[in-house]
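Listed below, chain by chain, are the residues.
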Amino acid sequence: MASDLSYIEHKQKIREEHLPFDVEAWYPLLEEITFFTAFIDLTTDHAQAIRSFYAARYNSRRESFSSAHAVALYELRKALDAILRRPEFEEKGAFVRLSSRSPKDGSPFRQVEFQSKYQDILARLNDAEGEETASSPENNQMRALATSSSNCWRVFSGDDAMSLILSSERVFVDVIEALVCQESHPDALEKPKPWTMKISGRAWEEDLQDQFEFRCFVRNAAVTAMSQYNHYCMFPALLAAHSQTQKEVANFCEKEVCPRLAGNKNYEEGYVVDVGLMSGRCVVIEVNPFKNSTGAALFDWKHDMRLISGLGSETGLSENKEQQVQDCMQVECPPLRIRVVPMPGLAELMDVLLDEAQIATHNKESYLDVLMSLELEARQREGSGELISRRACICQ
């Protein structure tokens, strides 16, 4: 009993610490310097249905899925479809995410020809930067993989969004933890905080490229360090413009981001803000906690803690850390760290990632096929009425 209480309280504490970094918390403060975003409530019924659907589809727990879960998922599909029909999303689409994370690991509703897209992007990169990257073909392979994968995250309809959400392990984990935090243990001194989880649609920006995305560390309302976000690849265009890029990103953080979050107690201990640079203008992508639960990109929370905390550089680096620093260039102050060569071992990683991508794109069963099957089984077990999936389609 005590261990159960300890676990719930631990999860509740972590959840409470991360609430200021949910997109709906920081968006009103940074609305003018980030992408247009619209929100819908993700209710506990929706969250329980998502959890049960994922468990039934991927963990062979089909008996846990009920007709009530099907109702909740069709309602969520309808709500998502309505928000994605807004004028702000109609032409270019949207990027969908939950409060805390996005379903980047999900499967798209419309199965894209992944291999052909990947090969087209790879050919363009090789034509443009052939001589600079010829000795490390895995560099452009990773860049092409990242770009072709990101095309799958662009949604235009409720079905597009639901397919990503319901196949995402990241979403599954997050809703489980959020539901755990709602549990009211009989020995708990405090009641759970009100349920606040949301789903957001963020305007899609075609000009955003991962070679000009940066993770910026802020401590005491000052930028202490910056890194390229994609820490696997070397980007020739970034190397060529490193000094100007450092100035633009640092200036944006110091003059636009920090003043907007200054004085807010939720961000007093620091934060990590992701910034995109597009055609001479910067935008906020997201805000994360200044904690080791946030990826450090080309920095390391242990070895670089003094640096990213604004206390100066580390001494006595390990051999592995020295090699990583040698593979990078550190520009100006606050330092921008960028790769001068691809990450060691990237070729072997690419072999694994490409195999996984091929397997994923060969799965032709849509989430709707699975949902209809699960609903039928549930209604047969329950002896309940007509299938929702046999009624008029919600998202036409």
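Note that the structure is a prediction, hence the values are computed from the model and not measured.

What counts as what
Residues numbered from 1 in each chain as written. Predicted model: local features only at pLDDT ≥ 70, side-chain atom pairs only at ≥ 80, totals over all residues. Heavy atoms only, no water. Helix = DSSP H or I, 4+ residues; strand = E, 2+ residues; numbered from the N terminus. Buried < 20%, exposed > 50% of the residue type's maximum accessible area, 1.4 Å probe, protein only. Contact = heavy atoms within 4.5 Å. Areas by Shrake-Rupley, 256 points an atom, 1.4 Å probe, with all protein chains shown as cover. Axes fitted to C-alpha atoms, helices over the stretch in contact; angles between N-to-C directions. Parallel < 35°, antiparallel > 145°, perpendicular 65-115°, else oblique. Left-handed = near helix turned anticlockwise from the far one by under 90°. Nonpolar A, V, L, I, M, F, W, Y, C, P; charged D, E, K, R; others polar. Core = buried A, V, L, I, M, F, W, Y, C linked by side-chain atoms within 4.5 Å. Pairing = 2+ DSSP bridges. Polar contact = N/O pair within 3.5 Å; in protein donor to acceptor, adjacent residues only side chain to side chain. Phe/Tyr/Trp six-rings, centres within 6.5 Å; stacked < 30°, edge-to-face > 60°.

## Here's the deal with the overall build of the protein
Part 1 of the argument: When helices and strands are counted, the protein shows 15 helices and ten strands.
Part 2 of the argument: Split into buried and exposed, the 396 residues of the protein put 48% on the buried side.
Part 3 of the argument: Long-range pairs, those at least 24 residues apart, make up 74% of the contacts in the protein between residues at least 6 apart in sequence.
Part 4 of the argument: Accessible surface, the protein as shown: approximately 19300 Å² in total, 49% of it carbon and sulfur.

## Focus on the packing of helix α4 (residues 67-84) against helix α8 (residues 158-166)
A pair of packed helices can be characterised by two numbers: the angle between their axes and the separation between those axes.
Part 1 of the argument: In contact at an axis separation of 8 Å, α4 and α8 are set at 125 degrees when each is read in the N-to-C sense. One way to sum up the angle between α4 and α8 is to call them oblique. Where α4 crosses over α8, the two elements pack in a sense that is right-handed. Contacts from L73, L76, R77, L80, D81 and L84 of α4 reach α8 at G158, D159, A161, M162, I165 and L166.
Part 2 of the argument: Within the contact of α4 with α8, the residues separate by chemical class into eight nonpolar, one polar and three charged.

## Here's the deal with the nonpolar core
Part 1 of the argument: Y271, V273 and V284 are the most contacted members of the largest nonpolar core, which totals 45 residues.
Part 2 of the argument: When residues in this core are grouped by element, the largest group, seven residues, is from helix α11 (residues 242-261).
Part 3 of the argument: Counting residues in each nonpolar core, the second largest holds 39 residues, with F53, A70, A94 and V96 among its members.

## Quick look at the sheet that holds strand β3 (residues 154-155)
Part 1 of the argument: A sheet is described by the order of its strands in space; here four strands give the open sequence β1-β4-β2-β3, paired in antiparallel fashion. Edge positions in the sheet fall to β1 (37-41) and β3, since each of these pairs with one other strand and no more.
Part 2 of the argument: The sheet contact formed by β1 and strand β4 (residues 198-203) spans five bridges and is antiparallel. Considered in β4, the bridge of A38 is made with G201.

## Quick look at α8
Part 1 of the argument: Of all the nine residues making up α8, nine are buried; the element is thus mostly covered by neighbouring parts of the structure.
Part 2 of the argument: Considered for burial, the residues of α8 that qualify are G158, D159, D160, A161, M162, S163, L164, I165 and L166.

## Digging into the pairing of strand β10 (residues 336-339)
Part 1 of the argument: Residues of β10 alternate between two faces, with L336 and I338 on one and R337 and R339 on the opposite face, all of them buried.
Part 2 of the argument: Taken together, the two bridges between strand β6 (residues 222-228) and β10 define a ladder with parallel strand orientation. Opposite M226, over in β10, you have L336 as the bridge partner.
Part 3 of the argument: As paired strands, strand β9 (residues 328-331) and β10 are joined by four bridges and run antiparallel to one another. Within the sheet, the bridge partner assigned to V331 lies in β10 and is L336.

## Some remarks on the side chain of S309
Part 1 of the argument: Position of S309 among the secondary structure elements: in the loop between α12 (305-308) and α13 (319-326).
Part 2 of the argument: For S309, the side chain forms a polar contact with the main-chain oxygen of M305, separated by 2.8 Å.
Part 3 of the argument: Not counting the four nearest positions on each side in its chain, S309 is found in contact with R219, T224 and F290.

## Description of the packing of aromatic side chains
Part 1 of the argument: A complete count under the given rule lists 13 aromatic pairs for this structure.
Part 2 of the argument: Consider the rings of F21 and Y267, whose centres lie 5.5 Å apart with planes at 85 degrees: the pair is edge-to-face. Here F21 is found in the loop between α1 (2-18) and α2 (23-30), whereas its partner Y267 is found in the loop between α11 and β7 (271-278), with 246 residues between them in sequence. For the pair F21 and Y267, one class covers both residues: buried.
Part 3 of the argument: Where F217 meets F299, the ring centres are 5.7 Å apart and the plane angle is 85 degrees; that geometry is what we call edge-to-face. Of this pair, F217 sits in strand β5 (residues 213-219) while F299 sits in the loop between β8 (281-289) and α12; the two residues are 82 residues apart in sequence, bridging distant segments of the chain.
Part 4 of the argument: Residue F217 is classed as buried on the basis of its relative accessible area, which comes to 0%.
Part 5 of the argument: According to the relative accessible area criterion, F299 is buried, its value standing at 4%.
Part 6 of the argument: Here a set of aromatic residues connected by ring pairs shows up, and it is made of F217, F290, F299 and W301.

## What about the sheet that holds β9?
Part 1 of the argument: The sheet built from six strands is open, its strands ordered β8-β7-β5-β6-β10-β9 with mixed pairing. Looking along the sheet, the strands with just one partner apiece sit at the ends: β8 and β9. Geometrically, the sheet is characterised by an average inter-axis angle of 20 degrees between neighbouring strands, direction not taken into account.
Part 2 of the argument: Bridge count between β5 and β6: six bridges; the pairing is antiparallel. Following the sheet pairing, R219 is matched in β6 by A222.
Part 3 of the argument: Along the sheet, α11 makes contact with β5, β6, β7, β8, β9 and β10, crossing β7 at roughly 130 degrees.

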